[in-house]
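# Reading the structure
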Amino acid sequence: MIEFAKVSKQYSRNVFALRDITLSIPKGELLFLAGPSGAGKSTVLKMIAAIERPSGGTLTVSGHSINTIRPSAMPYLRRNLGLIFQHQRLLQDRTIVANVMLPLVVTGASRSDAEKRARAALDKVDLLDKANAEPQELSGGEQQRVAIARAIVNRPQIILADEPTANLDRENANKVLAALKSFHGVGVTCLISTHDDQYLSGADRIVYLDRGRIVDGWRGAERYPDEEQA
Ligand SMILES: Nc1ncnc2c1ncn2[C@@H]1O[C@H](COP(=O)(O)OP(=O)(O)O)[C@@H](O)[C@H]1O
Ligand SMILES: [Mg+2]
């Protein structure tokens, strides 16, 4: 479903964000992308979403070549992607359910249909009771779960979550991860990045990045996560 073949990414003359990444991600896999800050995790996710393009090698996502994708084909690619990126905010002047409805409304769904599906998505992240609240009434962890609901409301085939647990305490981080993990049982491919090795459990696979390369294990912390050996 997602195929990196010797992909590199160079942002400028001396910034190599990724070098020689070869990685094949089958449909339905739950994969953690781990590594310290600056390792290249966000760059990997941005390339899958065609926000950035490879400088070398080839990348294919759901049959689309990211190297050559035309702007006119982007909506078809993005329709299959649920993006949970950092620094994405909820609209503060709209209710929670209105925020989750947004991706459906912009693609032409009727209001009643959009609202029904938005409520179902909120139910999946256990926030149906907050549907009519305003974003500022929710905790950081709850807002992050709303972002997940908004990302999955279109029923995407691939979910990309860039450090969805950043700035959350352990309890909220675990809730956010549990919500994400619940989708992969239904055939959705799910990539979650993290620079925090305490959350690396329950994945089909952990891919470690360090300074733009795939490495064997965690290099950003003193210890290797136990889950990987198990
Ligand atoms: N838009 C950009 N322009 C220039 N350099 C960038 C850009 N985005 C990321 N980088 C650099 O690429 C490297 C990898 O960044 P990133 O993919 O954001 O890593 P991570 O998400 O693991 O922290 C870093 O050295 C970063 O400074
Ligand atoms: Mg990042």
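Residues numbered from 1 in each chain as written. Chains lettered and ligands numbered in written order. Predicted model: local features only at pLDDT ≥ 70, side-chain atom pairs only at ≥ 80, totals over all residues. Heavy atoms only, no water.

## Focus on the pattern of salt bridges
- Under the counting rule described, the total for this entry stands at seven salt bridges.
- The partner of Glu29 in a salt bridge is Arg205, with the nearest N and O atoms 2.8 Å apart. Taken as a pair, Glu29 in the loop between β2 (15-25) and β3 (30-34) and Arg205 in strand β9 (residues 205-210) lie far apart in primary sequence, 176 residues in all.
- Owing to a relative accessible area of 10%, Glu29 belongs among the buried residues under this scheme.
- For the salt bridge of Asp210 with Arg211, the shortest nitrogen-to-oxygen distance reads 3.0 Å. (Salt bridge = Lys/Arg side-chain N within 4 Å of Asp/Glu carboxyl O. Helix = DSSP H or I, 4+ residues; strand = E, 2+ residues; numbered from the N terminus. Buried < 20%, exposed > 50% of the residue type's maximum accessible area, 1.4 Å probe, protein only.)

## Some words on the side chain of Thr43
- Summarising the element assignment, Thr43 is placed in helix α1 (residues 41-48).
- Relative accessible area serves as the criterion here: at 7%, Thr43 is assigned to the buried category.
- Excluding residues within four positions of it along the chain, Thr43 makes contact with Lys9, Tyr11, Ala17 and Leu18. (Contact = heavy atoms within 4.5 Å.)

## Let's talk about empty space enclosed by the protein
- In the structure shown here, the tally under the stated rule is one cavity of 30 Å³ or more.
- There is about 30 Å³ of room inside the largest cavity.
- Looking at the largest cavity, the residues that line it are Phe4, Ile21, Leu23, Leu33, Val44, Val207, Leu209 and Ile214.
- For the lining of the largest cavity, the secondary structure elements donating two or more residues are β2 and β9.
- Residues belonging to the lining of the largest cavity are distributed by class as follows: eight nonpolar, no polar and no charged. (1 Å grid on protein atoms, 1.4 Å probe; cavity = no way out; pocket = protein on both sides within 12 Å on 5 of 7 lines; lining within 4 Å. Points joined across faces, edges and corners; volume = space filled by probe spheres on them. Nonpolar A, V, L, I, M, F, W, Y, C, P; charged D, E, K, R; others polar.)

## Thoughts on the sheet that holds strand β7 (residues 158-162)
- On the basis of which strands lie adjacent, the open sheet formed by six strands has the order β6-β7-β8-β3-β9-β10 and mixed pairing. Either end of the sheet is taken by a strand with one partner, and the two such strands are β6 (81-84) and β10 (213-215). Strand-to-strand, the axes of this sheet are offset by a mean angle of 25°, without reference to chain direction.
- With five bridges connecting them, β7 and strand β8 (residues 189-194) associate as parallel partners. Note on β8: the bridge partner recorded for Asp162 is Ser193.
- Against the sheet, helix α5 (residues 140-152) engages β6 and β7, with an angle of about 165° to β6. (Pairing = 2+ DSSP bridges. Axes fitted to C-alpha atoms, helices over the stretch in contact; angles between N-to-C directions.)

## Quick word on unusual backbone geometry
- In this structure, Glu163 takes a positive phi of about 50° despite not being glycine.
- If you trace the backbone, Glu163 turns up in the loop between β7 and α6 (170-184).
- Although it is not a glycine, Asn167 adopts a positive phi angle of roughly 70°.
- Mapping Asn167 onto the fold places it in the loop between β7 and α6.
- We classify Asn167 as exposed; its relative accessible area is 83%.

## Structural notes on the sheet that holds strand β5 (residues 64-65)
- Here we have four strands laid out as an open sheet, ordered β2-β1-β4-β5, and antiparallel in their pairing. Single-partner strands in this sheet number two, and they are β2 and β5.
- Strand direction decides the pairing type here: strand β1 (residues 2-12) and β2, joined by seven bridges, are antiparallel. Among the inter-strand pairings, Lys9 is bridged to a residue of β2, identified as Leu18.
- Packed on one face of the sheet, α1 meets β1, β2 and β4 (56-61) and runs near 115° to β1.

## Let's talk about helix α4 (residues 111-124)
- Taking 1.5 Å of rise per residue, 14 residues should cover 20 Å, and α4 covers 20 Å from first to last C-alpha, within 8% of that figure.
- Buried residues of α4: Ala114, Ala118, Ala121 and Leu122, and no others. End-on view of α4: buried residues confined to an arc of 100°, all on one side of the axis. Summarising the geometry of α4, the exposed residues directed more than 90 degrees from the buried face are Ser112, Lys116 and Lys124.
- In this structure, the buried residues of α4 make contact with α3 (96-106) and α5.
- Where α4 terminates, the next one or two residues include Asp126, which has phi positive at roughly 65°. (Expected span 1.5 Å × (residues − 1). Arc of directions from axis to C-beta.)

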